Amino acid sequence: GAVVSQHPSWVICKSGTSVKIECRSLDFQATTMFWYRQFPKQSLMLMATSNEGSKATYEQGVEKDKFLINHASLTLSTLTVTSAHPEDSSFYICSARYQETQYFGPGTRLLVL
Amino acid sequence: GNSVTQMEGPVTLSEEAFLTINCTYTATGYPSLFWYVQYPGEGLQLLLKATKADDKGSNKGFEATYRKETTSFHLEKGSVQVSDSAVYFCVLSESHAGGTSYGKLTFGQGTILTVHP
């Protein structure tokens, strides 16, 4: 139990386009999901907290208009990177909380050309 | 605020060697402590956890004990395998419901472990 999936696992896009990443809790409901960004050989950086049915809470320094988060149901949160640029290339990971433990998705590798 | 400090890596060991990765923390509330493992190109997997002082988490031969007196949660394994090569993260979660940091994780910087045959 407590499986979190992400789709797609990797994506390559042109600069200026928007990319949507999905995070799903497969066997439990999650009122709260978290989105992280990880640079090579570094730890995870929390970007935002996604709350079902309400606005996401963004960490300081994260542009909310750049990284749109929608948590439309208890099993799905989406992160849309709008007008992506090469500096947005990174590994994006989501997590969902279940019974006092956070479970992570497998990550989405984004490459913006 | 909360913080987690992990032993600097990378750590390189031979197969069957003993592993210790040190982790210490500072926290204002009543944290739960976790070790997560990240294999190359993948997300994080929960390795083990402890939710209160003196709890011992264990999984796949790995162990860690929540030591409140030394604010530590060191990861140990008696005999490592090549398949244990990965990045290990010590993580703290504020577990007190109602706190401003409830649910948020504080990560250590990660320790790269490489095990050679």
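Quantities reported herein were computed from a predicted structural model and do not represent experimental measurements.

Draft legend 1. Local environment of the side chain of Thr-101 of chain A. Turning to its location among the elements, Thr-101 of chain A is positioned in strand β10 (residues 101–104). Accessibility expressed as a relative area gives 0% for Thr-101 of chain A, which makes it buried. At 2.7 Å, the side chain of Thr-101 of chain A and the side chain of Lys-49 of chain B are in polar contact. Those residues within four positions of Thr-101 of chain A in sequence are excluded, and the remaining contacts are Ala-96 of chain A together with Phe-34, Tyr-36, Leu-46 and Lys-49 of chain B.

Draft legend 2. Molecular detail of the state of the cysteines. Under the definition given, this model contains 2 disulfides over all chains. In this model Cys-23 of chain A forms its disulfide with Cys-94 of chain A; the gap between the sulfur atoms is 2.0 Å. Measuring handedness by torsion sign, the sulfur bridge of Cys-23 of chain A and Cys-94 of chain A sits at about 80° and is right-handed. Of this pair, Cys-23 of chain A sits in strand β3 (residues 19–25) while Cys-94 of chain A is found in strand β9 (residues 90–98), placing the two residues 71 residues apart along the sequence. By the burial criterion, Cys-23 of chain A is buried, and Cys-94 of chain A matches it. Put simply, Cys-23 of chain B and Cys-90 of chain B are joined by a disulfide, and their sulfur atoms are 1.9 Å apart. What sets the handedness of the Cys-23 of chain B and Cys-90 of chain B disulfide is the S-S torsion sign, and at about -70° it is left-handed.

Draft legend 3. Up close: the packing of aromatic side chains. All told, the structure shown has 10 aromatic pairs over all chains when counted by the stated rule. Here Phe-89 of chain B and Phe-107 of chain B contribute two aromatic rings whose centre-to-centre distance is 6.1 Å and whose plane-to-plane angle is 90°, an arrangement assigned as edge-to-face. With Phe-89 of chain B in strand β10 (residues 86–94) and Phe-107 of chain B in strand β11 (residues 105–107), the pair connects residues that are 18 residues apart, well separated along the chain. The same class applies to Phe-89 of chain B and to Phe-107 of chain B, which are both buried. Members of the aromatic cluster, joined through ring pairs, are Tyr-36 and Phe-104 of chain A together with Phe-34, Tyr-36, Phe-89 and Phe-107 of chain B. The residue whose ring lies beneath Arg-109 of chain A is Phe-91 of chain A, and the NZ or CZ to ring-centre distance is 4.4 Å.

Draft legend 4. Spatial organisation of the sheet that holds strand β3 (residues 19–21) of chain B. All names here are of chain B. Across the sheet, which stays open at both edges, the 4 strands sit in the order β3-β9-β8-β7 with antiparallel pairing between neighbours. Of all the strands in the sheet, just β3 and β7 (56–59) have a single pairing partner and so form its edges. Between one strand axis and the next, the sheet turns through 15° on average, direction left out of account. Alignment of β3 against strand β9 (residues 75–77), held across 3 bridges, turns out to be antiparallel. Paired with Leu-19 across the two strands is Lys-77, which belongs to β9.

Draft legend 5. Focus on a nonpolar patch on the surface. A contiguous nonpolar patch, built from Trp-10, Ile-12, Leu-111 and Leu-113 of chain A and spanning about 460 Å² of accessible area, is present on the exposed surface. Summarising the element assignment, Leu-113 of chain A is placed in the segment after β11 (108–112).

Cut-offs and rules
Residues numbered from 1 in each chain as written. Chains lettered and ligands numbered in written order. Predicted model: local features only at pLDDT ≥ 70, side-chain atom pairs only at ≥ 80, totals over all residues. Heavy atoms only, no water. Helix = DSSP H or I, 4+ residues; strand = E, 2+ residues; numbered from the N terminus. Buried < 20%, exposed > 50% of the residue type's maximum accessible area, 1.4 Å probe, protein only. Polar contact = N/O pair within 3.5 Å; in protein donor to acceptor, adjacent residues only side chain to side chain. Contact = heavy atoms within 4.5 Å. Disulfide = S-S within 2.5 Å. Phe/Tyr/Trp six-rings, centres within 6.5 Å; stacked < 30°, edge-to-face > 60°. Lys NZ or Arg CZ within 6 Å of the ring centre and 35° of its normal. Pairing = 2+ DSSP bridges. Axes fitted to C-alpha atoms, helices over the stretch in contact; angles between N-to-C directions. Patch = residues over 30% accessible without salt bridge, like charges linked within 9 Å, V, L, I, M, F, W, Y side chains within 5 Å. Areas by Shrake-Rupley, 256 points an atom, 1.4 Å probe, with all protein chains shown as cover. Salt bridge = Lys/Arg side-chain N within 4 Å of Asp/Glu carboxyl O.

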